[in-house]
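# Residue-level structure breakdown
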Amino acid sequence: MMENDVKDIGAQIKAQREKLGCSLQDVAQNTCIRKTYLESIENNQFSDLPGRAYVVGFVKAYARYLGMDIDPLLVQLEETEH
């Protein structure tokens, strides 16, 4: 799907999570997103997620939980598909 083209999405999210001092387990409990899916997002392994709608939804929920601006991340996701 869109693995290496979106390197910085996972890196940005992971950096923000670490900056806030949150563990993946904390995020999983608070967003109801499986820890393995969160790891896939941070590693830009979007094809490990169930489908495009889940990629978008999980990235939005994860970024929102971390207090990030969602729109630039969604633009990056969209640009990688074209």
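Quick look at the structure, then.

About the criteria used
- Residues numbered from 1 in each chain as written.
- Predicted model: local features only at pLDDT ≥ 70, side-chain atom pairs only at ≥ 80, totals over all residues.
- Heavy atoms only, no water.
- Axes fitted to C-alpha atoms, helices over the stretch in contact; angles between N-to-C directions.
- Helix = DSSP H or I, 4+ residues; strand = E, 2+ residues; numbered from the N terminus.
- Left-handed = near helix turned anticlockwise from the far one by under 90°.
- Contact = heavy atoms within 4.5 Å.
- Nonpolar A, V, L, I, M, F, W, Y, C, P; charged D, E, K, R; others polar.

This part covers the packing of helix α2 (residues 24-31) against helix α3 (residues 35-42). The contact between α2 and α3 brings their axes to 9 Å, and the two run at 115 degrees. In the packing of α2 onto α3, the handedness of the crossing is right-handed. Touching L24, Q25, V27 and A28 of α2 are K35, L38, E39 and E42, all from α3. Along the lines of polarity and charge, the residues of the contact of α2 with α3 split into four nonpolar, one polar and three charged.

Further remarks concern unusual backbone geometry. Of note, C32 is a non-glycine position whose phi angle comes to about 60 degrees, a positive value. You can see C32 is positioned in the loop between α2 and α3. Even without being a glycine, N44 presents a positive backbone phi close to 55 degrees. Locating N44 in the fold gives a position in the loop between α3 and α4 (52-65).

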